[in-house]
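Summary of structural features
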Number of protein chains: 2
Amino acid sequence: MNRNLIIRTLGLVLICEAGAMLPSFFLALYYREPDLLPFLYSILLLAAPGFLLALVRVKNKDVGYREGFAIATMTWLVTAACGSIPFLLSGSLTTFCDAFFESMSGFTTTGASVIPDVEILPHGILFWRSFTHFLGGMGTIVLILALIPSLKVAATQLYKAEVPGPTKSKVLPRILQTTRQLWKVYMLLTAAEVILLLLAGMPLFESFIHTFGSVGTGGFSCKNASIGAYNSLAIECIVMFFMIICGMNFALHIGIMRGNFKAYLNDPETRLYLGIIAISVSLIALNQVYALNNTVEEAIRSSFFTVSSIITTTGYATADFDRWPEFSKIILLLLMFVGGCAGSTAGAIKNVRFLILFKSAARQILKFLHPHAVVPVRLGREVVPDEVVENVQTFFFLYMLIFGASTLYISSLGLDLVSAASSVAATLGNIGPGLALVGPMTNFASLPDSGKLLLSFCMLIGRLEIYTVLVVFSARFWR
Amino acid sequence: MNRNLIIRTLGLVLICEAGAMLPSFFLALYYREPDLLPFLYSILLLAAPGFLLALVRVKNKDVGYREGFAIATMTWLVTAACGSIPFLLSGSLTTFCDAFFESMSGFTTTGASVIPDVEILPHGILFWRSFTHFLGGMGTIVLILALIPSLKVAATQLYKAEVPGPTKSKVLPRILQTTRQLWKVYMLLTAAEVILLLLAGMPLFESFIHTFGSVGTGGFSCKNASIGAYNSLAIECIVMFFMIICGMNFALHIGIMRGNFKAYLNDPETRLYLGIIAISVSLIALNQVYALNNTVEEAIRSSFFTVSSIITTTGYATADFDRWPEFSKIILLLLMFVGGCAGSTAGAIKNVRFLILFKSAARQILKFLHPHAVVPVRLGREVVPDEVVENVQTFFFLYMLIFGASTLYISSLGLDLVSAASSVAATLGNIGPGLALVGPMTNFASLPDSGKLLLSFCMLIGRLEIYTVLVVFSARFWR
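Every chain begins its residue count from 1, and numbering advances along the sequence as written. Chain letters and ligand numbers both follow the written order, the letters beginning at A and the numbers at 1. It should be noted that, the model being predicted, local features are given only for residues of pLDDT at least 70 and side-chain atom pairs only at 80 or more, the latter also being counted only at that level, while totals for whole chains, interfaces and linings use all residues. Computation of side-chain values: all heavy atoms of the structure, hydrogens and water removed.

Re the overall build of chain A
Strands here mean DSSP runs of E at least two residues long; helices mean DSSP runs of H or I at least four residues long; both are numbered from the N terminus. Tallying secondary structure elements over chain A gives 22 helices and 2 strands in all. Seen through its C-alpha atoms, chain A measures out along the principal axes to roughly 70 × 70 × 50 Å. Surface accessibility follows the Shrake-Rupley procedure with a 1.4 Å probe radius. Residue values consider only the protein chains on display as shielding. If you sum the accessible surface of chain A, you get close to 18400 Å²; carbon and sulfur atoms cover 66% of it. The sign given to each residue is positive for Lys and Arg and negative for Asp and Glu; His and the chain ends receive no count. Here the site of a charge means atom NZ of a Lys, CZ of an Arg, CG of an Asp or CD of a Glu. Of the charged side chains in chain A, 33 are positive and 27 negative; the average position of the first set lies 15 Å away from that of the second.

In structure tokens, the structure reads:
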């Protein structure tokens, strides 16, 4: 293992994180709020060891699988731990568990909160809290690319789009180039949403907060009632549009920028994703019209926003969906497992994995009728290699296993089944709000510390697509 | 497709089913109860078309995959449909949906009931109801063998035990021979349990009822309070012992009969199964001691019986586990997915599949560290072929998919999440009782008809290990 490289990288990460706190520092200065010194101290606390670690000499610059996995896992862990410092120093949160949960929730773009009243927080803290979503979204995009060969699924498309002949020597510069393009898309989407929200009448500061929350598919808000606080159709539509866009594969957006307008329609994953949204919205709207006697307009408006928010794993709310009929709630719970598309900032299992699972199931059934037939699993025109199919099937099993085991643990803390299961589904899938005790109009503050730590770990494992974390925590890794 | 063969087989099945109603007929005669004529009519209604169909000439005696799958699916469907006739004619149940549900629940050894008060039923009907468990258990054993090459997992062990060199010509006689041995074990277990229950003070008729319920891992009782009605430690221990034994691979029992006493200990699946029972009993007992202030003895007694009943997918109850703390309930809910061992009369996903899933997950993680390593998945000393691994992984996905989709449908009928999810888990896994509205001290009577039909289908699909049914219902099958 190339330890020096990992240490140096962490040093650079700390420096970047200290730099990322500067906007909050200036906001505190501008608003003359009491979080000024906490941010100053936090920046110094991070930058000092950061510069020291960054001085470590790296003779060997080889980055293998091990280093990649270790860097990804350590970066998220260390960033989340250090990101909690401003919360603690400013007194916004008083225990490390709470602050770590909030920070991890931000960086993993989950959006689950332990702060009962966000409206009393100073601007600097609010900005930092939401800025972690923005940074986490950027990190996720790097992750998609950095782990290309290992996570396979998410990346094949990106990889193929960008690397015509994958000769080893050319991979690194291409990856850097692709990263730059992806970030360009990300920045463009961010700028566009801020401007549109401003035009729709949202104040500048709040526009930034909600833009970070939607492009990172995070979900932190500066309002206790989330997007529902504005009661504005225009704002809801804008947020909804950007959530849906950011739940799509960013490689397709690059395609659009190059004039390839058919990219969305030709992509089987996007079709499944949009199809699931359409069906879920229809079913929930029907359910609301019949069970709650809502008008058709109200029903479509609230179900469209909520479905978009949950499937993209954002977690913004305009309605207390925990009070919806069970049928609607179960659809939302199922969507928490589906999630967005691979190559997006969204979390959960992702549509492309379900596509592969469906197709391999169909193949399995066909094999019973034609035992000797060789049937490849295809996505569009591409053949999915069998090792990718196995990777996806194992992913699904591990996801359900972690879900079951964590639900059992959370229930041992005294939570009921629905609260326990939905709190795990909402954190493992990086969504945010769950149902019952952890519903959209409440928060995770009431959980015991060990529950908050476990759920923080679920956020991490969900964000890093399970394998990354499991590999690093496997005994063999350290031999 | 060899239609004549299928038709003739169904004829023979009807004749057998008519014959299987004879004991109930004689019981009705003996007790001079009003179900005498209903059984007489039922026997005639089944035997007449049975003999006609059995006369169909079969020129081609080839049984391929297609015929095997069609026969298995049709047999269970037709048997369950015809098995509902005595319930209807005797007036014990008044609608076809109810009677079909009860009959399917019997033949699939599920044990979910729509009869609120079983104690008022005549002896003949009670016997028939439980005898379907016994027949379903026998059928399951045949199924394990008949579908050997296709269902693979369950069977490899049996297959290897009995077929040293699998030359095609010798397979059929060997299968018949193995079937005979398995049935011998089944009959011995049945006889042993009846005698032991008699010795423990249970009346003869009730001993038969509860023996059928435990060796078939079904769960129908002639008491509304199930096994709890006896409040006898001896009876609980006997029933528990036979449930656990019948949740094990019957091939191992054959081994024991031949003096191979190490068979249980050497079998990785049995070790996992017994290990899960031990851990679950301990956790639930601890939970009861702390949360409910039960004595240690009470806690172990009720948790041991309940865990054995649920993991073996029997469904007998001595306690209303729906009132237990959430932690205990979630353990039971998870056990509903685990189920017994392959090659037993138990249902659900089964331990060997989880073993394979765990091992292939470990392999997947190892592959990230050593991308070029070729690592076979092993069960004991045997290498599990990759196609079996894929078969199992797909099985898991389909199981969860059917679970999710059915839960959604049941919730649309107005059931809450816990009732909906547990009613599907309990029928798909052939267990019987679920939680909340379908808990152990209540029943499925309150569900709307379409819910009963869907759950009956879940029982069928669970019993026939998903693939069998999906293959028959696939469009390609009928081309």
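Describing the interface of chain A and chain B
Each partner contributes to the interface: chain A provides 51 residues, whereas chain B provides 51 residues. As a working definition, buried area equals the accessible area (1.4 Å probe) given up by two parts on being put together, with both sides summed. When the two sides are added together, the surface that chain A and chain B hide from each other amounts to roughly 4600 Å², 77% of it contributed by carbon and sulfur. Salt bridges, as used here, are contacts in which a Lys or Arg side-chain nitrogen is within 4 Å of a carboxyl oxygen on Asp or Glu. The interface formed by chain A and chain B contains 2 salt bridges. For Glu390(B), the salt bridge is made with Arg363(A), and the minimal N-O distance between the two is 2.8 Å. Polar contacts, as used here, are pairs of N or O atoms within 3.5 Å; protein pairs need one atom able to donate a hydrogen and one able to accept it. Residues neighboring in sequence count only if both atoms are side-chain atoms. Counting every contact that joins chain A to chain B gives 6 residue pairs in polar contact (both at pLDDT 80 or more). When contributions to the side of chain A that touches chain B are tallied by element, the ones reaching two or more residues are α4 (65–83), α17 (326–338), α18 (351–369), α19 (386–412), α20 (417–428) and α22 (467–473) of chain A. Element by element, the count of residues in the side of chain A that touches chain B is highest for α19(A), at 16 residues. Residues are treated as being in contact if the distance between any of their heavy atoms lies within 4.5 Å.

A closer look at the side chain of Thr110(A)
Residue and element names in this part refer to chain A. Here Thr110 shows up in the loop between α6 (96–107) and α7 (123–146). In this structure Thr110 comes out as buried when scored by relative accessible area, which is 0%. Only 2.9 Å separates the side chain of Thr110 from the side chain of Asn430, close enough to count as a polar contact. Once residues lying within four places of it in the same chain are set aside, the contact partners of Thr110 are Ser105, His133, Gly218, Thr313, Thr314, Ala426, Thr427, Asn430, Ile431, Gly432 and Met459. Think of it in three bands: with a 1.4 Å probe and only protein chains considered, a residue is buried below 20% of the maximum accessible area for its type, exposed above 50%, and partly exposed in between.

Structural notes on the packing of α19(A) against helix α19 (residues 386–412) of chain B
Structural elements are reduced to axes, namely lines fitted to C-alpha atoms, with helices fitted over the stretch in contact, and the angle between N-to-C directions of any two is expressed from 0 to 180 degrees. Two elements in contact, α19(A) and α19(B), have axes whose closest approach is 10 Å; the angle formed by their N-to-C orientations is 45°. As far as their axial angle goes, α19(B) and α19(A) are oblique. As for the relative orientation of α19(A) and α19(B), their crossing is left-handed in sense. Contacts from Val389(A), Glu390(A), Gln393(A), Thr394(A), Phe396(A), Phe397(A) and Met400(A) in α19(A) reach Val389(B), Glu390(B), Gln393(B), Thr394(B), Phe396(B), Phe397(B) and Met400(B) in α19(B). Across the contact of α19(A) with α19(B), the residue classes tally to 8 nonpolar, 4 polar and 2 charged. Roughly parallel here means an angle under 35 degrees, roughly antiparallel means over 145, roughly perpendicular means 65 to 115, and every remaining angle is called oblique. Here a crossing is called left-handed whenever its near helix is offset anticlockwise from the far helix by less than a right angle, and right-handed whenever the offset is clockwise. Put simply, Ala, Val, Leu, Ile, Met, Phe, Trp, Tyr, Cys and Pro go in the nonpolar bin, Asp, Glu, Lys and Arg in the charged bin, and everything else, Gly too, in the polar bin.

Structural notes on the pattern of salt bridges
Within the structure shown, the criterion is met by 22 salt bridges over all chains. Connected through salt bridges with shared partners, the residues Asp322(A), Glu326(A) and Lys329(A) form a single ionic network.

Topic: the relation of the copies chain A and chain B
Least-squares fitting of one copy onto the other uses the C-alpha atoms of those residues that reach a pLDDT of at least 70 in both copies. Least-squares fitting of chain A to chain B yields an RMSD of 0.0 Å, with the superposition described by an axial translation of 0.0 Å and a rotation of 180°. The symmetry that links the two subunits is that of a two-fold axis. When C-alpha distances to the rotation axis are compared across chain A, the minimum falls at Gln393(A), with a value of 3.0 Å. Most of the interface of chain A is mirrored in chain B, where 100% of its interface residues again form contacts.

Considering the confidence of the model for chain A
Residues and elements named next belong to chain A. A residue's pLDDT is the predictor's confidence in that residue, given on a scale from 0 to 100. Residues with a pLDDT of 70 or more make up 94% of chain A, whose mean pLDDT is 90. For the stretch residues 149–171, pLDDT sits under 50, and the model shows 40 contacts to residues farther than four places along the chain or on other chains. Under the prediction, the complex receives an ipTM of 0.94, its pTM being 0.94.

Some points on the packing of aromatic side chains
Centres within 6.5 Å make a pair out of two Phe, Tyr or Trp rings, where for Trp the six-membered ring is used; the pair is then stacked when the planes are under 30 degrees apart, edge-to-face when over 60, and tilted otherwise. Counted according to the given criterion, the structure contains 55 aromatic pairs over all chains. For the pair Phe131(A) and Phe134(A), a centre-to-centre distance of 5.6 Å together with 10° between the ring planes defines the contact as stacked. Taken together, the residues Phe131(A) and Phe134(A), both in helix α7 and 3 residues apart, mark about one turn of the helix. Relative accessible area serves as the criterion here: at 12%, Phe131(A) is assigned to the buried category. Owing to a relative accessible area of 7%, Phe134(A) belongs among the buried residues under this scheme. Among the aromatic residues, those joined into a cluster by ring pairs are Phe127(A), Phe131(A), Phe134(A), Tyr186(A), Phe205(A), Phe208(A), Phe212(A) and Phe250(A). As a reminder, the over-ring test applies to NZ of lysine and CZ of arginine, requiring each to be within 6 Å of the ring centre and within 35 degrees of the ring normal. One Lys or Arg, Arg353(A), reaches over the ring of Phe395(A) and ends 3.7 Å from the middle of that ring. Above the ring of Phe220(B), the side-chain terminus of Arg129(B) is found at 4.0 Å from the ring centroid.

Regarding the nonpolar core
Nonpolar cores were defined as sets of buried Ala, Val, Leu, Ile, Met, Phe, Trp, Tyr and Cys residues, with membership established by side-chain atoms within 4.5 Å. Of all hydrophobic cores here, the largest spans 287 residues; its most connected members are Phe396(A), Tyr399(A), Phe396(B) and Tyr399(B). For Tyr399(A), the contacting residues outside a window of four places in its chain are Met336(A), Phe337(A), Ala348(A), Ile349(A), Leu428(A), Gly429(A) and Ile466(A).

Thoughts on the state of the cysteines
The bond known as a disulfide is covalent and runs between the sulfur atoms of two cysteines. Residues and elements named next belong to chain A. When two cysteine sulfur atoms lie within 2.5 Å, the pair is treated as a disulfide. Enumeration over the complete set of coordinates arrives at 0 disulfides over all chains. Here Cys82 stays free of any disulfide, with the sulfur of Cys16 as its closest cysteine sulfur at 12 Å. The class for Cys82 is buried, based on a relative accessible area of 16%.

A word on the packing of α19(A) against α20(A)
Helix-helix packing: each pair is described by the crossing angle between the helix axes and the interaxial distance. Residues and elements named next belong to chain A. The N-to-C vectors of α19 and α20 enclose an angle of 135°; their axes lie 8 Å apart at closest approach. Here α20 runs oblique to α19, going by the angle between their axes. In terms of crossing hand, the pair formed by α19 and α20 is right-handed. On α20, the residues touching Tyr399, Ile402, Phe403, Ser406, Thr407, Ile410 and Ser411 of α19 are Ala420, Ala421, Ser423, Val424, Ala425 and Leu428. The class makeup of the residues in the contact of α19 with α20 is 9 nonpolar, 4 polar and no charged.

Observations regarding a nonpolar patch on the surface
Residue and element names in this part refer to chain A. Surface patches are drawn from residues lacking salt bridges whose relative accessible area is over 30%; two like charges belong together within 9 Å, two nonpolar side chains (Val, Leu, Ile, Met, Phe, Trp, Tyr) within 5 Å. Among the surface-exposed residues, Leu37, Leu40, Tyr41, Leu44, Leu45 and Leu89 lie close enough to one another that they form a single nonpolar patch of about 560 Å² accessible area. No other element matches helix α3 (residues 36–54), which puts 5 residues into the nonpolar patch. By the secondary structure assignment, Leu40 is in helix α3. Judged by its relative accessible area of 33%, Leu40 is partly exposed.

Let's talk about α6(A)
Residue and element names in this part refer to chain A. Taking 1.5 Å per residue, 12 residues should reach 16 Å; α6 reaches 16 Å between its end C-alpha atoms and fits that length. Among the 12 residues of α6, 11 are classified as buried, and the element is accordingly described as predominantly covered. Every buried residue of α6 is accounted for by Cys97, Asp98, Ala99, Phe100, Phe101, Glu102, Ser103, Met104, Ser105, Gly106 and Phe107. Where α6 terminates, the next one or two residues include Thr109, which has phi positive at roughly 55°. To estimate the expected span of a helix, subtract one from its residue number and multiply by 1.5 Å.

Re the environment of Thr73(A)
All names here are of chain A. Assignment of secondary structure puts Thr73 in helix α4. Separated by 400 residues in the primary sequence, Thr73 and Phe473 place their C-alpha atoms 9.6 Å from one another. Non-local contacts of Thr73, meaning those with residues more than four positions away in its chain, are made with Leu464, Thr468, Val469, Val472 and Phe473.

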